[in-house]
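Each chain, letter by letter, is given below.
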Amino acid sequence: MPLNVNPSLNSDPPGDPPHDDTVNAVLTELNQISFRDFQGAFKRFHEGTLSIVHLNLLMLLRFNGPLTMSHLAEMLDVSVASATGIVDRMEKKGVIERRRSDEDRRVVVVSVSDKGEQVFTAMQAERQSHMARMLSSISDRDLRALLTGLRAVREARDKWIEQVAQEEGKQA
């Protein structure tokens, strides 16, 4: 499916592939790399003690911060009773912590424990090690071009996030 790209941003010289085609080719390549990395990391950690549900819950907590049991159940699309069972098993493994809210003792808040953070640290270290070995076979010229491109992607992402936040502010 072609991407809607602002034609005023298309500065490709004649003879180069159309900008939309290039964007789609880059997305395809990035998705292949990302999916393979995730799949490999998951297989290694799945063979351990964490299931896909456990990894998903850890990622939710890591990127959203501590969550109440009801909010966690909603995000996982399960009942609070099911979420409680998942949290019980993960708490026994030591990767998450539960505590009562200071404001309302009836509310249970779940967060990633130090051991849970170590899961992310280990996954990141392994991924970085594999990426470093892979990148070492690329020429300096191509690596510099990749770095330039990645910095442009980060800058475009930052601008896009800012634009989305402004649009959401206007709608409120």
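Owing to the predicted nature of the structure, the values given are computational and were not obtained by experimental measurement. (Residues numbered from 1 in each chain as written. Predicted model: local features only at pLDDT ≥ 70, side-chain atom pairs only at ≥ 80, totals over all residues. Heavy atoms only, no water.)

**Student:** Before we go on, may I ask you to explain the packing of helix α2 (residues 52-64) against helix α5 (residues 114-135) in this structure?
**Tutor:** Here α2 crosses α5 at 100 degrees, and the two axes come no closer than 11 Å. If you check the angle between α2 and α5, you find them roughly perpendicular. Contacts between α2 and α5 involve Leu55, Leu58, Met59 and Arg62 from the first element and Gly116, Glu117, Val119, Phe120 and Met123 from the second. (Axes fitted to C-alpha atoms, helices over the stretch in contact; angles between N-to-C directions. Helix = DSSP H or I, 4+ residues; strand = E, 2+ residues; numbered from the N terminus. Parallel < 35°, antiparallel > 145°, perpendicular 65-115°, else oblique. Contact = heavy atoms within 4.5 Å.)

**Student:** Help me understand the environment of Ser51 in this model?
**Tutor:** Residue placement: Ser51 occurs in the loop between α1 (19-46) and α2. Note: C-alpha distance between Ser51 and Met90 (39 residues apart in sequence) is 10.0 Å.

**Student:** Would you explain the sheet that holds strand β3 (residues 108-112) in this entry?
**Tutor:** Strands belonging to one sheet form pairs held by backbone hydrogen bonds; the direction of such a pair is parallel or antiparallel. Strand order across the open sheet formed by three strands is β1-β3-β2, with antiparallel pairing between neighbours. If you trace the sheet from one side to the other, it starts and ends with β1 (67-68) and β2 (96-100), each paired once. Here β2 pairs with β3 via five bridges, running antiparallel. Directly across from Arg100, in β3, lies its bridge partner Val108. In the packing of α2 onto the sheet, contacts are made with β1, β2 and β3, and the angle to β3 comes to roughly 95 degrees. (Pairing = 2+ DSSP bridges.)

**Student:** Just checking my understanding: could you explain the nonpolar core for this structure?
**Tutor:** Core analysis: the largest hydrophobic core is formed by 23 residues, its most contacted members being Leu57, Leu58, Leu61, Leu72 and Ile96. Where this core is concerned, the elements lending two or more residues are α2, α3 (69-76), α4 (80-93), β3 and α5. Per element, the largest residue contribution to this core is five residues, and it comes from α2. Those residues in contact with Leu58 that sit more than four places away from it in its chain are Leu50, Met90, Val95, Ile96, Val112, Gly116, Val119 and Phe120. (Core = buried A, V, L, I, M, F, W, Y, C linked by side-chain atoms within 4.5 Å. Buried < 20%, exposed > 50% of the residue type's maximum accessible area, 1.4 Å probe, protein only.)

**Student:** Is there a simple way to explain the packing of α2 against α3 in this structure?
**Tutor:** Look at α2 against α3: their axes get within 11 Å of each other, and the N-to-C directions meet at 120 degrees. Here α3 runs oblique to α2, going by the angle between their axes. With respect to the hand of their crossing, α2 and α3 are arranged in right-handed fashion. Contacts from Asn56, Leu57, Leu60, Leu61 and Asn64 of α2 reach α3 at Leu72, Met75 and Leu76. Of the residues contributing to the contact of α2 with α3, the split by class is six nonpolar, two polar and no charged. (Left-handed = near helix turned anticlockwise from the far one by under 90°. Nonpolar A, V, L, I, M, F, W, Y, C, P; charged D, E, K, R; others polar.)

**Student:** In this structure, what is going on with the pattern of salt bridges? I would like to understand it.
**Tutor:** Taken as a whole, this structure holds six salt bridges when the rule is applied. A salt bridge links Arg98 to Glu91; its shortest N-O distance comes to 2.7 Å. Given the relative accessible area of 25%, Arg98 is considered partly exposed. Measuring nitrogen to oxygen at the nearest pair gives 3.0 Å for the salt bridge that ties Asp104 to Arg106. The exposed category is assigned to Arg106, whose relative accessible area is 71%. (Salt bridge = Lys/Arg side-chain N within 4 Å of Asp/Glu carboxyl O.)

**Student:** So what exactly am I meant to see when it comes to α3 here?
**Tutor:** Since the α-helix turns once every 3.6 residues, residues separated by three or four places project in the same direction. Residues of α3 that are buried: Met69, Leu72, Ala73 and Leu76. The buried residues of α3 occupy an angular sector of 100 degrees when the element is viewed end-on, so they sit on one face. For α3, the secondary structure elements touched by its buried residues are α2, β1, α4 and β3. Immediately downstream of α3, the backbone of Asp77 shows phi near 60 degrees, a positive value. (Arc of directions from axis to C-beta.)

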